[in-house]
Amino acid sequence: MNNANNYDRILSLLAMGILVALVVAAIVLYNLGNTNIPISAQSSDKEVKTLSKSAGSTLDTKGTATTGIHEHALGPPRSPDAGVKTVSQPADSASRSGENISATEKSPTSYTPNVTFTLKTSLAEEKLVFIGVGGAIDGVVNPTLPVMLDNVVQVTLINGDGVLHDITFPDFNAKSEEIARKGASSVITFRVTKKGEFPYFCSLPGHRQAGMEGKIVVGEAEEIISPAGVSVVRNPTDLPPPIGARPAQTVRVDLETIELKGQLAEGTTYTYWTYNGKVPGPFIRVRVGDTVEVHLKNHGDSRMIHSVDFHAVTGPGGGAAVTQAPPNTEKAFTFKAMNPGLYVYHCATPMVAHHIANGMYGLILVEPEGGLPEVNREFYVMQGEIYTQNPFGKHGYQEFSVEKLLAEAPEYFVLNGAVGALTKEYPMQAKVGETVRIFFGVGGPNFTSSFHVIGEIFDRVYNQASLTVPPLTDVQTTLVPPGGAAMVEFKLEVPGRYILVDHALSRLERGLVGFLMAEGPENLEVFHRLGD
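The model shown is predicted, which means the values in this text are computed figures rather than measured ones.

Caption draft 1: Structural view of the overall build of the chain. Counting its regular elements, the chain contains 5 helices and 32 strands. Evaluated residue by residue, the chain yields a buried proportion of 51% over its 532 residues. Considering only contacts within the chain whose residues lie at least 6 apart along the sequence, 70% involve residues at least 24 apart.

The following block contains the structure:
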């Protein structure tokens, strides 16, 4: 009887052990097969951070990303696998294909990046930005990242300003860790699985709007090469010298209307219609009482009829009525400069707004008898709008949109014809102690400018470009309507970078900004940063 009881007890223990083993095995198999696989990312001040595939942090053949965070001093980025542990794969991942593929071979760390980029957060041009580090993007603000289709991309983000940031590529389900300490970095790796242009940005509230946004361009080799057009930018120093006290005379003005593919922005081209190949057209300088002889030639390669309307003209259409020139023809007329002032000229061939928006505008200065007061430097700046079918920042050749023109919804606001015209191509240069004069006009065709120079006060503003009344003094911002102009003057007291803007500041985000760089000794009595 005792033997039977012992036998029953042994069978019960064996059955219980088998049940426990089955439960453990089931748990293990469940974990191996679970698709929500954690990844470990190392940090010097945090032992382990876990990320899940559902959060977009693992790299698979569908393009999700691995993420690593590194809280270390600014320096070379770690290797592609730095800060990333191996991960498990579903238990049936090999058996489904009939191949003997190990979990390690299928793990995110087995993907070697084809291309790497390093970006650093910073404050530039009065905005929060990403700045390229190394290679072709070194020093470029919010650089465009060109990659081939199906490449594995590694992006290292370095905190350069000590403010909390991250970087996200939402179209590829890739997002870095947030990094707060200056010098800290985070690395993400992801596969690009579709062609096109896609944004990257900082996802913290307000940071994208403050300027932290760029583009990644994915395509074949010929598709990711940035298109190139000729520069249409008018150098702001390209203007004739003052006339001074000379008698009235006849002045000949030669204008040629040229249609060309120009560089609108980095990686973006557009067909401009121009006077003499630049935007704005040439600065014309005469004196009151002069007879102006205008010759307008339309280039033989043009597709459109063009003309010119001078707001300084007293006569039909400001000259437009007699200068409607088909391609490869020339028209001419004369007018007497009767009223001193700074005047806009533009094409006035229907649709007039279309011709103006494509770049056909400029300024003519009619100096009063005896000339203008002497200054050290003069600059020529005009504001305009460009209406493209694709949104602002789209790369490649851009077509004109008549719908957006009629809706008064420009994609670009520009100074002197293009994005970066007066920041990268021709930033203005002056010296402390000099008095600067800016001839400012608005081609438009639609928007009034609230012209402002950040860090300066206009000593004199010749309001509406009237030169026969005393100027306004001590002006912060001056209104200039489309088809209007103003002449402003100010003395530079402190060295540094002064920023030309339309104080409808959203337009800065669409390309409207210029720099005036003032060199010279510090003036601590006027401006002194505490703590120096």
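Having seen the model, we can carry on.
Caption draft 2: Looking closely at the side chain of glutamate 378. Following the sequence through the fold, glutamate 378 ends up in strand 21 (residues 377-386). When its relative accessible area of 13% is taken as the criterion, glutamate 378 is described as buried. A distance of 2.8 Å separates a polar atom in the side chain of glutamate 378 from a polar atom in the side chain of arginine 285. A distance of 2.7 Å separates polar atoms of two side chains, one belonging to glutamate 378 and the other to arginine 437. Not counting residues within four places of it along the chain, the set of residues in contact with glutamate 378 comprises Pro236, Leu239, Pro240, Pro242, Arg285, Arg437 and Phe439.

Caption draft 3: Geometry of the pattern of salt bridges. Across all of its chains, the model carries 15 salt bridges by this definition. Across the salt bridge formed by aspartate 254 and arginine 252, the nearest N and O atoms sit 2.9 Å from each other. In the salt-bridge network here, residues are joined through shared partners; they are Arg285, Glu367, Glu378, Arg437, Arg460 and Glu489.

Caption draft 4: Looking closely at the nonpolar core. Core analysis: the biggest nonpolar cluster contains 61 residues, and Tyr272, Leu363, Ile438, Phe439, Leu500 and Leu516 have the highest contact counts within it. Judged by nonpolar contacts, the second largest core, of 27 residues, contains Leu128, Ile179, Phe190 and Ile216.

Caption draft 5: Molecular detail of the packing of aromatic side chains. Summed over the entire model, instances satisfying the criterion amount to 17 aromatic pairs. Judged by centre distance (4.8 Å) and plane angle (50°), the rings of phenylalanine 392 and tyrosine 412 are tilted. On the criterion of sequence distance, the pair formed by phenylalanine 392 in the loop between strand 21 and strand 22 (396-398) and tyrosine 412 in strand 23 (residues 412-415) is long-range, its members being 20 residues apart. Judged by its relative accessible area of 1%, tyrosine 412 is buried. One aromatic cluster is present, built from ring pairs that chain together Phe130, Phe169, Phe172, Phe190, Phe198 and Tyr200. A cation over a ring is seen here: arginine 208 above phenylalanine 201, with NZ or CZ 3.9 Å from the ring centre. Residue placement shows arginine 497 over the ring face of phenylalanine 515; its charged tip is 4.3 Å from the ring centre.

Caption draft 6: Structural detail: the pairing of strand 19 (residues 341-346). For strand 19, a buried count of 6 out of 6 residues is recorded, marking the element as mostly surrounded by other parts of the structure. Judged by which residues are buried, strand 19 turns out to be covered on both faces: Gly341, Tyr343 and Tyr345 on one side and Leu342, Val344 and His346 on the other are all buried. Note: strand 17 (residues 309-310) against strand 19, 2 bridges, orientation antiparallel. The partner of aspartate 309 across the bridge, within strand 19, is histidine 346.

Caption draft 7: Focus on the side chain of lysine 404. The topology assignment puts lysine 404 in helix 5 (residues 402-406). In contact with lysine 404, not counting residues within four places along its chain, are Tyr387, Thr388, Gln389, Asn390, Pro391, Ala409 and Glu411.

Caption draft 8: Broad picture of the environment of phenylalanine 439. Inspection of the secondary structure puts phenylalanine 439 in strand 25 (residues 435-444). A sequence separation of 48 residues divides phenylalanine 439 from methionine 487, and the C-alpha atoms of the two residues are 4.9 Å apart.

Caption draft 9: Region of the structure containing the sheet that holds strand 24 (residues 428-431). Overall, mixed pairing links the 5 strands, which are arranged 24-32-31-26-29 in an open sheet. Either end of the sheet is taken by a strand with one partner, and the two such strands are strand 24 and strand 29 (477-480). Neighbour to neighbour, the strand axes of the sheet diverge by 20° on average, direction disregarded. In this sheet, strand 32 (residues 514-519) lies alongside strand 31 (residues 496-502) in antiparallel orientation, the contact comprising 5 bridges. Of the residues in strand 32, the one forming a bridge with tyrosine 498 is leucine 516.

Caption draft 10: Structural view of the pairing of strand 23. Neither face of strand 23 is left uncovered, since the one carrying Tyr412 and Val414 and the one carrying Phe413 and Leu415 both have all their residues buried. Pairing analysis gives 4 bridges linking strand 21 to strand 23, with the strands arranged antiparallel. For glutamate 385, the partnering residue across the bridge sits in strand 23 and is phenylalanine 413.

Caption draft 11: Structural context of unusual backbone geometry. In this structure, methionine 351 follows proline 350 across a cis peptide bond, with omega equal to -5°. Considering the arrangement of structural elements, one finds methionine 351 in the loop between strand 19 and helix 4 (352-357). Omega for the bond connecting glycine 444 with proline 445 falls within 30 degrees of zero, at 25°, which places this linkage in the cis form. Inspection of the secondary structure puts proline 445 in the loop between strand 25 and strand 26 (449-454). Phi angles above zero are rare outside glycine, and asparagine 142 is one such case at about 45°. Mapping asparagine 142 onto the fold places it in the loop between strand 5 (127-132) and strand 6 (145-148). Residue classification places asparagine 142 among the buried positions, given a relative accessible area of 16%. Of note in the backbone geometry, asparagine 328 takes a positive phi value of approximately 65° without being a glycine.

Caption draft 12: Focus on the sheet that holds strand 25. Read from one edge of the open sheet, 6 strands run 23-21-25-30-27-28, paired in mixed fashion. The open sheet terminates on both sides in strands that have one partner only, identified here as strand 23 and strand 28 (472-475). In this sheet, adjacent strand axes meet at a mean angle of 25° when their direction is disregarded.

Caption draft 13: Main features of the environment of glutamate 369. Of note, glutamate 369 is situated in the loop between strand 20 (361-367) and strand 21. Residue classification places glutamate 369 among the exposed positions, given a relative accessible area of 64%. In the structure, glutamate 369 is positioned 122 residues away from proline 247 in sequence and 8.4 Å away in space, judged by C-alpha atoms. In this structure glutamate 369 touches Arg287 and Val288, once residues within four positions along its chain are discounted.

Rules and cut-offs
- Residues numbered from 1 in each chain as written.
- Predicted model: local features only at pLDDT ≥ 70, side-chain atom pairs only at ≥ 80, totals over all residues.
- Heavy atoms only, no water.
- Helix = DSSP H or I, 4+ residues; strand = E, 2+ residues; numbered from the N terminus.
- Buried < 20%, exposed > 50% of the residue type's maximum accessible area, 1.4 Å probe, protein only.
- Contact = heavy atoms within 4.5 Å.
- Polar contact = N/O pair within 3.5 Å; in protein donor to acceptor, adjacent residues only side chain to side chain.
- Salt bridge = Lys/Arg side-chain N within 4 Å of Asp/Glu carboxyl O.
- Core = buried A, V, L, I, M, F, W, Y, C linked by side-chain atoms within 4.5 Å.
- Phe/Tyr/Trp six-rings, centres within 6.5 Å; stacked < 30°, edge-to-face > 60°.
- Lys NZ or Arg CZ within 6 Å of the ring centre and 35° of its normal.
- Pairing = 2+ DSSP bridges.
- Axes fitted to C-alpha atoms, helices over the stretch in contact; angles between N-to-C directions.

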